[in-house]
Amino acid sequence: MTIFGFVPALAALFALTMVEPSPASAQGFDLAAQVREKAALAVSQFQARAGGRLDYSEQSLATVEEMLAEASQYAKEMPAADVKALVELLGSYILEVGRRQHGGTYQWHEARSQPVLVVGPPKFSVAMMTFDKVRGRLSGDPADNIVFFYEGFSERAKTASPGTNALNI
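The structure presented is a predicted model; accordingly, all values stated were derived computationally and were not measured.

Description of the pairing of strand β1 (residues 105-109)
Of the two faces of β1, only one is covered, namely that formed by Tyr-106 and Trp-108; the face formed by Thr-105, Gln-107 and His-109 stays uncovered. The pairing of β1 with strand β2 (residues 114-119) spans five bridges and is antiparallel. Bridge pairing in β2 links Thr-105 to Val-118. Between β1 and β2, which pair antiparallel and follow one another directly, the connecting turn spans four residues, one of which, Ser-113, has a positive phi of 50°.

Here it is, written out as structure tokens:
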């Protein structure tokens, strides 16, 4: 079975998914490069389905939301490895939209085993983690709306005052 009618083999993409760093292996681990690579892979794999709208703009996230809503109909039937690959690809795309719009750096959140985009240091810190949100949306929960989630992060990043310390998950 294919989901969306545009991904012939998510299992092949799973082989390319993000490696989780451990304190022992973190040296030499280029998290930013991996997030950018996953985001670019999402664009190349899903651009036809997205009608060419995956351009790293905030507006493109409506298309990501649409695709996740569609995929949620099949998620329970998908192998866990395929779900993980989809979460990492689209989660990385959302992170990269945030980085391109607001700057920031990627850090690894050890407890949640996923990247986090941090914007604003040293004046303030507004951070965003996307993998859990994508996983929630993929499970069919419309409360995990990607556009709404991103707008909250973006507004907070734009209006943060010195000393603000916020994590959007």
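Focus on the confidence of the model for the protein
Averaged over every residue, the pLDDT of the protein is 88; the share at 70 or more is 83%. Note that pLDDT drops below 50 for residues 6-19; the model gives that stretch 40 contacts with residues more than four away or on any other chain.

Overview of unusual backbone geometry
Omega for the peptide link from Pro-121 to Pro-122 comes to 10°, which places this bond in the cis form. For Pro-122, the location among the structural elements is in the loop between β2 and β3 (125-128). The backbone of Tyr-56 shows a phi angle near 65°, a positive value even though the residue is not glycine. By the secondary structure assignment, Tyr-56 is in the loop between α2 (31-46) and α3 (61-71). In this model, Ser-113 sits at a positive phi of 50°, which is unusual for a non-glycine residue.

Cut-off values and rules
- Residues numbered from 1 in each chain as written.
- Predicted model: local features only at pLDDT ≥ 70, side-chain atom pairs only at ≥ 80, totals over all residues.
- Heavy atoms only, no water.
- Buried < 20%, exposed > 50% of the residue type's maximum accessible area, 1.4 Å probe, protein only.
- Helix = DSSP H or I, 4+ residues; strand = E, 2+ residues; numbered from the N terminus.
- Pairing = 2+ DSSP bridges.
- pLDDT = per-residue confidence, 0-100.
- Contact = heavy atoms within 4.5 Å.

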